[in-house]
Structures are given as C-alpha cells and as structure tokens.
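One letter stands for each residue in the lines below.
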Amino acid sequence: MVNKILRNPYVLIAPAVILVCVFSLYPAIFAVQVSFLNWDTVLGTKHFVGLKNYINIFHDPVFWKVMRNTLYYSLFTVVIGMVLAFLLGIFFQENKWVDNLVQSIIFTPHILSSVSITVMWMWLMDPGRGILNYVLHQVGLPTLKWMMSPDTSLMSIIIVTIWKGLGYSVMIVIAGLQSIPSYIYEAAKLDNAGRFTRLFRITLPLLSPTLFFMFITATIASFSSFDIVSLMTKGGPENSTNLVVYWIYQIGFLQFNIGKASAGSVLFMLFVSIVAIANYYFFAKKVHYQ
Amino acid sequence: MRYTVKAMRVLMLLALVLTFAFPFAWVVSTSLKTYVESIQFPPDLIPHVPQLVNYKTAWIHIHFFHYATNSVIITLSVAFGQLLVCIPAAYAFAKKKFRFSGILFALVLVDLVLPTQVSFVPMYVLVSDLHWLDTYWGLIVPFVFSSFTIFFLTQAFRQIPEELLDAAKLDQASELQIITRLMVPISKPFLLTTLLFTCIGKWNDYFWPLVLTNSEAVRTLPMTVKSLVADTRGVTHWNEVMAGNMMLIIPVLVLYLTANRFIKSAFVYGIK
C-alpha cells in the first residue's frame, strides 16, 4: 500500500512543491498586492491606494541616498573582493600545506555568524579603545572614527564585508583554476610563453566562466546585505550606511508601514532581476566556455 | 623573476595571517582579560592572569542554556526536516519520468535566484496570520524547504547508475527500501554535506529570528550574544562580550575543524 503511494512521483515531490508555493512564491506575489495598499498594522485597516506607495518612495530623499549607498557598497565589495580573490587564488593554489593552512584561515569567517564577525570588528574598530586606532596611532597616522562618522562608516562596513567573504571567493577561484587542464600550460611552456602571457592568455580566459558566476552571485548577495548594517550601524550615522534591505526593514518594522515596505521589496525584486539579466547579456559574450 | 614571486608569496602570507588570524587571537585574548586590562592603553596581547570568570559571567548574562537550546532545536529540526522533504523530491526529479517534471523542477529552483530578503515583509504577514510568530513553527516550517538542497541532491542522485535501481527492482525492493537502502547510503557524502550547510547556516542565522520573533521565548543564540554589546549597564564590557562571542563561535569552529577539508570541498562542489 505504502509502496504504491510512494511509486507516484507527484507524491514524492508534493511536500517540496507545496512548501515552495506557500513560503516562497506566495510571499513574492503577496508583496505586489500589498504594495498597492495603505495598511495600518496598528488599527488593522487596509485600503487600496494605487501607486501612492511607489510615488512616496520616489519622493523620499532617504531612498535615493540608500540607492547610492547600495551601489557604492556593491561596487566596492564585488570589485575589490574579486580582484583579491583572484590574486590569492593564483598565489595559493598549489595544495601545499602552507596553502591549505592559508585557505583554512581565510575561509573561517565565512562559516561564522555575522554576529560573531561584527561583534569582533566593532571591538577592533572601537574609536576609543580599538586596536586598529592604536596601530594607526603607533605608525603616526591619524586615527579614525570608523562606524561612528558618516565619512568612514560605509568604508568600515565594506572592509568587514570583504573580510568575511574573501575565503569563500578564493575557494571558488581555486576550484576554477583546478579545472583548467595542466596540458594547456605545458604546451604553452613548450612554446616559451612567459608567466604573464600564460596568466593573461590562458588562465584568465579559461577562468572567465567562474569569474562570471562569482560576479553575478556576489552582486546579488551584496544587494541583499542586511546583517552587517543591522548589527554594526543600524544604517547610521545620518543614513550613511543604510542599504536597501535594511531600509525596507526600517519602513516595515520600525515605522510599521507595510504597504510602502512591500513597494520597496517589489522595486528591489525588479532591480535584482534587471541586474541579473543585464549581467548575463553583457558578460555572456565575453565569457569563454571550454 | 622566480624570487620576486617567492618573496611576494611570503609577504602575502604574512599579510593574510595578520589580517585573518589576528582578529581571532584578539577575541580570545580579550575574552580572558579583566575589564581594566581590556581597555588599557597600550594594550597587552597576553592577559596577565587569564580570567575564565568572564565566561561564567557571559554564560549567565546571555542565558546561554535557554538560547542555546532554542538554537539547537531550530537547527536540528530544520536540517532533518529538509532531508525528509528534499530526499524524496530529489529522488523523483533525478530518477523518475513524469509530466511537467521540467516545469516543476524550475518552479522549485526559482528560490535559488530570488534572495529571501526580498519577501521578508509578506513572509512576516504570512507567519503572523498562521499565528506562528514567537513559536518554533514559524522559525522551522518555512525553512524545511530548500531549493539548494533539492538541487544539490538531485545532482548527486543523477550520478547513481540506473542498473543499480533496476537490480533492486528485480529483487522486488519497495520504493522506501530503494530510497533508504540504496540512494541514501550511496550519496552519504552529499547528504552529510547538505546537513552541514544547513546546520551552520541555521546556527548562524540572525535575519529570520530577528524578523519573525518579538519575544525572548524562541530567540536564538546570536541575538542574545549581540545584546551583550550595549547592555543595561550602559558600558560595553568587551571582555565579557568576547567570552559570549566565543561560545557562539566554538561549536561551529569545532564542526569546521573536524570536517575541514570535507567542508571546503563541499562548499566548492556545492556552487558548481
């Protein structure tokens, strides 16, 4: 009896399909619906307001600041992160014990909670007693206020983000490098190709699918950043570190404006899709597949 | 040329150890200092007399037992729930032919490209309508499904040769036996990997417990450790914060070190 039921593939996939519909697709569609409502969560009243939530967002100066912050944050974390990961991958790919040790050390932040990481960095970056300012002072440089000043706060969370994610990117680069067949390098050596020729003519083109994958996932991940902002700065000071997901959270959960927050979510969803598609078309032409 | 490269390697090595290992060393060191020692300038790397009492204080302040129990319950329920939901689904997608399987598989994978952060507002409303706020249900059921786990397991199951399944069917093995005695044992490394991913991810999760809970009842360890930073005394006792932080780090670190190479290759495999 049980066996007969289990032989039906639809029974096997049913729990998964039901769950994805209820907890993933339905919320996304529901967000669109709610974005047209003025929903007072305190009084429990809802009424249709059309595009008013969207118009409000576009007239909100904080929104434009948040967008600018998010773009800066993404640009720096993705570009610097990828360049560093590429360099480290090239230098530490040989699987000797030193390389393994290095990989393990830089990978560790990736598996730790963002709470652990941010608590650690808040202490390192403490303007008064932090070790970073101590080091700056010792080498004769001016000390910084790190997250406490609007001038350096975005830079501070960018540093922490890159630090947390670097080990993961290095691992992906190394995996990509290992999939390049060694006979190509041997052939190039026979042709007397130098180190840099090999790097730019073989490694980089053959690694491009990996780098492309990293670029897309890292870009979307950086747009979706929440934890580090929420934990370290709460978007401040003066909204200098407010990023899009945290801003949506503020509107929905601190100002209780569910309609406007949903409109923000819908815009964010559109934005992520556009970036993903644009990335895809722009890079697909330049990527070499083996 | 060769020597320049070697020198660069050594320099990079030192820079890396300094930027990645030092912060951890500093956390351990601070966690063992007295309050006065922790804020003293110039700082000492090695605590004068290691203060294990910080751990005891932090343990009490963060109600470690209560929050760690919540974290363990949620982490394990999600991990095992995922296996229960995702193994049969992955088995069907990998080994069975049925109508709409392509479309349904795509539907299941939509989640992979849609960041969960985009729909947390409606998710909150949904969980609230189900009266699941501040309950284990709210923190477990929505996460029992995972696109990533299904995708990963489907890839693993596809590698199992059809001949084995045919042989099992000739021996009149039931579907349940095929899953539990054939698919699961052969793909054990993949199953353990997904189990590890899920456990680490859930243990560390900060976002969803923050969004989906209002009270202390079912909140998890990361949230309480964070609350140490500016506690009611108005002053941050960094030595105690770091002791609390260590309690959050140690379980994951032990898991990581015991399965080090395994986890690394899994992370790399997982994204391919």
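If you're wondering where the values come from, they're calculated on a predicted model, not measured in any experiment.

**Q** Give a description of the overall build of chain A that names residues and reports values.
**A** Across its full length, chain A holds 13 helices and two strands. For a compact globule of 290 residues, the expected C-alpha radius of gyration is about 19 Å, and chain A comes in at 24 Å, more than 25% above that figure. Along the longest, intermediate and shortest principal axes, the C-alpha atoms of chain A span 75 × 70 × 40 Å. Relative to its 290 residues, chain A shows a buried fraction of 55%. Looking at chain A alone, contacts between residues at least 24 apart form 65% of all its contacts between residues at least 6 apart. Surface accessibility of chain A: about 13800 Å² in total, with carbon and sulfur atoms responsible for 68%. A gap of 7 Å separates the mean positions of the 18 positive and 10 negative side-chain charges of chain A.

**Q** Describe in detail the interface of chain B and chain A, supporting the description with residues and values.
**A** Counting residues at the interface gives 86 residues for chain B and 85 residues for chain A. Summing both sides of the interface, chain B and chain A together bury roughly 7800 Å²; the carbon and sulfur share of this comes to 79%. At the surface where chain B touches chain A, the tally comes to zero salt bridges. Here chain B is connected to chain A by 14 residue pairs in polar contact (both at pLDDT 80 or more). With 15 residues, the single largest contributor to the side of chain B that touches chain A is helix α1 (residues 2-31) of chain B. Within the side of chain B that touches chain A, the residues separate by chemical class into 68 nonpolar, nine polar and nine charged.

**Q** Quick one: what's the story with the packing of helix α2 (residues 9-34) of chain A against helix α5 (residues 101-113) of chain B, residue by residue and with numbers?
**A** Between α2(A) and α5(B), the shortest axis-to-axis distance is 10 Å and the interhelical angle comes to 40°. Accordingly, the angle class assigned to the pair α2(A) and α5(B) is oblique. Judged by the sense of rotation from one axis to the other, the crossing of α2(A) with α5(B) is left-handed. Contact with α2(A), carried on its side by Y10(A), I13(A), V17(A), V20(A), C21(A), S24(A) and L25(A), involves L104(B), L107(B), V108(B), V110(B) and D111(B) of α5(B) and no other residues of that element. Of the residues in the contact of α2(A) with α5(B), the class split is 10 nonpolar, one polar and one charged.

**Q** Quick one: what's the story with the pattern of salt bridges, residue by residue and with numbers?
**A** Residues and elements named next belong to chain B. Summed over all chains, the structure comprises four salt bridges over all chains. With a shortest N-O distance of 3.3 Å, E162 and K95 are connected by a salt bridge. Linking E162 in helix α9 (residues 162-170) with K95 in helix α4 (residues 64-95), this pair joins segments that are 67 residues apart in sequence. Since its relative accessible area comes to 14%, K95 is described here as buried.

**Q** So what about the domain arrangement of chain B? Which residues, and what values?
**A** All names here are of chain B. As assigned here, chain B comprises domain 1 (1-50) and domain 2 (52-269). Of note, the centres of domain 1 and domain 2, computed from C-alpha atoms alone, are 33 Å apart. Contacts between the two partners involve 10 residues from domain 1, matched on the other side by 11 residues from domain 2. Where domain 1 abuts domain 2, roughly 870 Å² becomes buried across the two surfaces, and 67% of that area is made up of carbon and sulfur atoms. Three residues, V27, S31 and Y35, lead the burial of domain 1 against domain 2; their summed loss comes to 55% of the area buried on that side. Between the two partners, domain 1 and domain 2, sit zero salt bridges. At the surface where domain 1 touches domain 2, the tally comes to five residue pairs in polar contact (both at pLDDT 80 or more). Every element with two or more residues in the side of domain 1 that touches domain 2 is listed here: α1 and α2 (35-38). Residues belonging to the side of domain 1 that touches domain 2 are distributed by class as follows: five nonpolar, four polar and one charged.

**Q** Explain the UniProt feature "transmembrane region" (unreviewed entry) in chain A residue by residue, including any values.
**A** Residues and elements named next belong to chain A. Mapped onto this numbering, the UniProt entry annotates "transmembrane region" (unreviewed entry) at residues 12-36, 71-92, 104-124, 154-178, 199-223 and 266-283. What you have in residues 12-36 is 92% helix and 0% strand, and the ends, taken at the C-alpha atoms, are 37 Å apart. Taken end to end, residues 71-92 is 95% helix and 0% strand, and its two terminal C-alpha atoms sit 31 Å from one another.

Each value, and the rule that gives it
Residues numbered from 1 in each chain as written. Chains lettered and ligands numbered in written order. Predicted model: local features only at pLDDT ≥ 70, side-chain atom pairs only at ≥ 80, totals over all residues. Heavy atoms only, no water. Helix = DSSP H or I, 4+ residues; strand = E, 2+ residues; numbered from the N terminus. Rg over C-alpha atoms; globule rule 2.2 N^0.38 Å. Buried < 20%, exposed > 50% of the residue type's maximum accessible area, 1.4 Å probe, protein only. Contact = heavy atoms within 4.5 Å. Areas by Shrake-Rupley, 256 points an atom, 1.4 Å probe, with all protein chains shown as cover. Lys, Arg positive; Asp, Glu negative; His and termini not counted. Charge placed at Lys NZ, Arg CZ, Asp CG, Glu CD. Buried area = accessible area lost by both parts, 1.4 Å probe. Salt bridge = Lys/Arg side-chain N within 4 Å of Asp/Glu carboxyl O. Polar contact = N/O pair within 3.5 Å; in protein donor to acceptor, adjacent residues only side chain to side chain. Nonpolar A, V, L, I, M, F, W, Y, C, P; charged D, E, K, R; others polar. Axes fitted to C-alpha atoms, helices over the stretch in contact; angles between N-to-C directions. Parallel < 35°, antiparallel > 145°, perpendicular 65-115°, else oblique. Left-handed = near helix turned anticlockwise from the far one by under 90°. Domains from an automatic or database assignment. UniProt positions renumbered as here; feature names shortened; annotations may be inferred.

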